[in-house]
Amino acid sequence: MTLHIKVVTPEKEILSEEVDEVVVPTVGGELTILPEHVALLTQLAPGELQIKKGHKTDHLVIVGGFLEVGNDTVSVLADYAAMGKDISEAKAQQAKEKAEKAMKERKSDIDFAMAEAEFRRAILELKVAKRQKGQI
């Protein structure tokens, strides 16, 4: 038995495939979704989404949005999502450094909050990219 997962952002569909298991970060904690999971609607937390199919695990970065589970279908509606294999470590490192600089300059509370969000996203991208490559 499998699950169908669909990961969608406002820009595009990131993923749509049959999988064995999904591990997702939610505001209430990390959840593991298996076939025949009870219906569920919950808010996502920024973090790493894991998709397991056979002996293979894919990693994604997700930021914000919602998770809906029903009828062996997992729908992830994320504000931002990226596959680990598609993340450039160099670009993520540059984004991290740029965000750190912006946080130090702290022109306003809003600028600081935006820089902090970018910093957190860059850290997540670095972590997921390294995990996808087997470095963690």
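As the structure is a computational prediction, the values presented were derived from the model and not from experiment.

**Some thoughts on the pattern of salt bridges**
Okay, step 1: All chains considered together, the criterion is met by three salt bridges.
Okay, step 2: Measuring nitrogen to oxygen at the nearest pair gives 3.7 Å for the salt bridge that ties Glu-21 to Lys-52. Within this pair, whereas Glu-21 is found in strand β3 (residues 21-26), its partner Lys-52 is found in strand β6 (residues 47-53), the two being separated by 31 residues in sequence.

**A short note on the packing of aromatic side chains**
Okay, step 1: Inspection of the entire model under this criterion finds zero aromatic pairs.
Okay, step 2: Residue placement shows Arg-121 over the ring face of Tyr-80; its charged tip is 3.9 Å from the ring centre.

**So, the nonpolar core**
Okay, step 1: If you look at the biggest cluster of nonpolar residues, it comprises 20 residues, and the most contacted ones within it are Ile-5, Val-22, Leu-49, Val-74 and Val-76.
Okay, step 2: Elements with a minimum of two residues in this core: β1 (3-8), β2 (13-19), β3, β6, β7 (56-70) and β8 (73-83).
Okay, step 3: When residues of this core are assigned to their parent elements, the largest contribution, five residues, is made by β8.
Okay, step 4: With residues near it in sequence (within four places) discarded, Ile-5 still touches Leu-15, Ser-16, Glu-17, Val-19, Val-22, Leu-49, Ile-51, Val-74 and Val-76.

**Some thoughts on helix α1 (residues 89-105)**
Okay, step 1: Taking 1.5 Å of rise per residue, 17 residues should cover 24 Å, and α1 covers 24 Å from first to last C-alpha, within 8% of that figure.
Okay, step 2: Inspection of α1 places Ala-92, Lys-96, Ala-99 and Met-103 among the buried residues, and these make up the whole buried set. The buried side chains of α1 occupy one side of the element, clustering within an arc of 70° when seen end-on. Exposed side chains of α1 directed beyond 90 degrees from the buried face belong to Ala-90, Lys-91, Gln-94, Lys-98, Lys-101 and Lys-104.
Okay, step 3: For α1, the elements touching its buried residues are α2 (109-132).
Okay, step 4: Downstream of α1 by one or two residues, Arg-106 has phi in the positive range, about 40°.

**Some details on the layout of surface pockets**
Okay, step 1: As a volume, the largest pocket reaches approximately 210 Å³.
Okay, step 2: Lining the largest pocket are Pro-46, Val-63, Asp-79, Tyr-80, Ala-117, Glu-118, Arg-120, Arg-121 and Leu-124.
Okay, step 3: Mapped by element, the contributors of at least two residues to the lining of the largest pocket are β8 and α2.
Okay, step 4: No other element matches the five residues that α2 contributes to the lining of the largest pocket.
Okay, step 5: Broken down by class, the residue content of the lining of the largest pocket amounts to five nonpolar, no polar and four charged.
Okay, step 6: The space that makes up the second largest pocket amounts to roughly 160 Å³.
Okay, step 7: If you go around the second largest pocket, the residues you meet are Ala-95, Lys-98, Ala-99, Lys-101, Ala-102, Glu-105, Met-114, Ala-115 and Glu-118.
Okay, step 8: Breaking the lining of the second largest pocket down by element, the ones donating at least two residues are α1 and α2.
Okay, step 9: Among the elements that make up the lining of the second largest pocket, the one with the highest residue count is α1 (six residues).

About the criteria used
Residues numbered from 1 in each chain as written. Predicted model: local features only at pLDDT ≥ 70, side-chain atom pairs only at ≥ 80, totals over all residues. Heavy atoms only, no water. Salt bridge = Lys/Arg side-chain N within 4 Å of Asp/Glu carboxyl O. Helix = DSSP H or I, 4+ residues; strand = E, 2+ residues; numbered from the N terminus. Phe/Tyr/Trp six-rings, centres within 6.5 Å; stacked < 30°, edge-to-face > 60°. Lys NZ or Arg CZ within 6 Å of the ring centre and 35° of its normal. Core = buried A, V, L, I, M, F, W, Y, C linked by side-chain atoms within 4.5 Å. Buried < 20%, exposed > 50% of the residue type's maximum accessible area, 1.4 Å probe, protein only. Contact = heavy atoms within 4.5 Å. Expected span 1.5 Å × (residues − 1). Arc of directions from axis to C-beta. 1 Å grid on protein atoms, 1.4 Å probe; cavity = no way out; pocket = protein on both sides within 12 Å on 5 of 7 lines; lining within 4 Å. Points joined across faces, edges and corners; volume = space filled by probe spheres on them. Nonpolar A, V, L, I, M, F, W, Y, C, P; charged D, E, K, R; others polar.

Limitation: the analysis is restricted to geometry and does not speak to function.
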